[in-house]
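Descriptive analysis of the structure
Now for the letters of each chain:
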Amino acid sequence: MECLYTIGQLAREAGVPASTVRYYERSRLFQPDGRTEGNYRIYGPKALERLRFIRAAQAIGLTLEDITTLLDFRDGRTAPCKEVQSLIEERLSELKKRLEQLQHVEAILRSSLRKCRRTERSGRCQVIETLKVAASSPSPRVPRPAPSKKSRNHP
């Protein structure tokens with residue numbers, strides 16, 4: 001007889017909260033195999049494997065949209081490696097841009113820390129003064145990493 005799980009049991013087996021399983025269901029990444037007479041969701045071993053696949057894909061930085069695409073490929077008859085490669089290349093390109101932005105922010109923070117340390121004895125923080133000036137100008141020049149348009153992921 002096949003092992004069946006309730007949503008709580010499945011979540012525990014996969015190491016996620018039940019709310020994550022429900023979220024994946026709402027996102028149409030995941031569906032229960034059926035329901036009990038008491039209307040509880042039930043899942044089989046393939047559901048556990050699918051849930052683990054989703055979590056593993058998220059762990060390497062893929063978005064839920066990417067994962068949906070991969071699941072569609074996986075559930076099809078052939079493995080379209082070219083499409084998977086394109087998807088990974090796109091994520092790598094986005095990651096490279098984010099890393100460059102973070103390196104820029106790191107350089108600014110290091111510079112700000114040096115300024116703070118140089119001016120702390122004067123009683124006036126150079127960084128706060130600089131931020132006050134920036135805040136009073138119509139267009140503050142505080143660099144911020146741009147959010148990825150496909151970065152929506154559930155915990």
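Here the structure is shown first, and the text comes after it.
Figured I'd write up the structure that's included with this text. As the structure is a prediction and not an experimental result, all values here were calculated from the model.

Moving on, we get to helix H2 (residues 18–26). If you check which residues of H2 are buried, you get Thr-20, Val-21, Tyr-23, Tyr-24 and Glu-25. The inward-facing, buried residues of H2 contact helix H1 (7–14), strand S2 (41–42), helix H3 (45–59) and helix H4 (64–75).

With that settled, the discussion passes to a nonpolar patch on the surface. A cluster of nonpolar side chains, Ile-88, Leu-92, Leu-95, Leu-99 and Leu-102, forms an exposed patch at the surface whose accessible area comes to about 440 Å². Summarising the element assignment, Leu-102 is placed in helix H5 (residues 81–119).

Looking now at the packing of H3 against H4. Between two packed helices, the angle of one axis relative to the other and the distance separating the axes together describe the packing. Relative orientation of the contacting elements H3 and H4 amounts to 135°, with a least axis distance of 10 Å. Taken together, the axes of H3 and H4 lie oblique to each other. Between H3 and H4 lies a crossing of right-handed hand. The residues of H4 that touch H3, namely those facing Glu-49, Arg-50, Phe-53, Ile-54, Ala-57 and Gln-58, are Leu-64, Ile-67, Leu-70, Leu-71, Arg-74 and Asp-75. Counted by class, the contact of H3 with H4 contains seven nonpolar, one polar and four charged residues.

This next bit is on the nonpolar core. Residues Val-21 and Phe-30 are the most contacted members of the largest nonpolar core, which totals 23 residues. Of all the secondary-structure elements, those providing two or more residues to this core are H1, H2, H3 and H4. Not counting the four nearest positions on each side in its chain, Phe-30 is found in contact with Leu-10, Val-21, Tyr-24, Glu-25, Tyr-43, Ala-47, Arg-50, Leu-51 and Ile-54.

Put simply, H1 and H3 touch, their axes get as near as 10 Å, and they point 45° apart. Judged by the angle between their axes, H1 and H3 are oblique. Note on packing geometry: the crossing formed by H1 with H3 is right-handed. Only Ala-47, Leu-48, Leu-51 and Arg-52 of H3 make contact with H1, whose side of the interface consists of Leu-10, Glu-13 and Ala-14. Split into classes, the residues belonging to the contact of H1 with H3 amount to five nonpolar, no polar and two charged.

Reading the values: rules and limits
- Residues numbered from 1 in each chain as written.
- Predicted model: local features only at pLDDT ≥ 70, side-chain atom pairs only at ≥ 80, totals over all residues.
- Heavy atoms only, no water.
- Buried < 20%, exposed > 50% of the residue type's maximum accessible area, 1.4 Å probe, protein only.
- Helix = DSSP H or I, 4+ residues; strand = E, 2+ residues; numbered from the N terminus.
- Contact = heavy atoms within 4.5 Å.
- Patch = residues over 30% accessible without salt bridge, like charges linked within 9 Å, V, L, I, M, F, W, Y side chains within 5 Å.
- Areas by Shrake-Rupley, 256 points an atom, 1.4 Å probe, with all protein chains shown as cover.
- Salt bridge = Lys/Arg side-chain N within 4 Å of Asp/Glu carboxyl O.
- Axes fitted to C-alpha atoms, helices over the stretch in contact; angles between N-to-C directions.
- Parallel < 35°, antiparallel > 145°, perpendicular 65-115°, else oblique.
- Left-handed = near helix turned anticlockwise from the far one by under 90°.
- Nonpolar A, V, L, I, M, F, W, Y, C, P; charged D, E, K, R; others polar.
- Core = buried A, V, L, I, M, F, W, Y, C linked by side-chain atoms within 4.5 Å.

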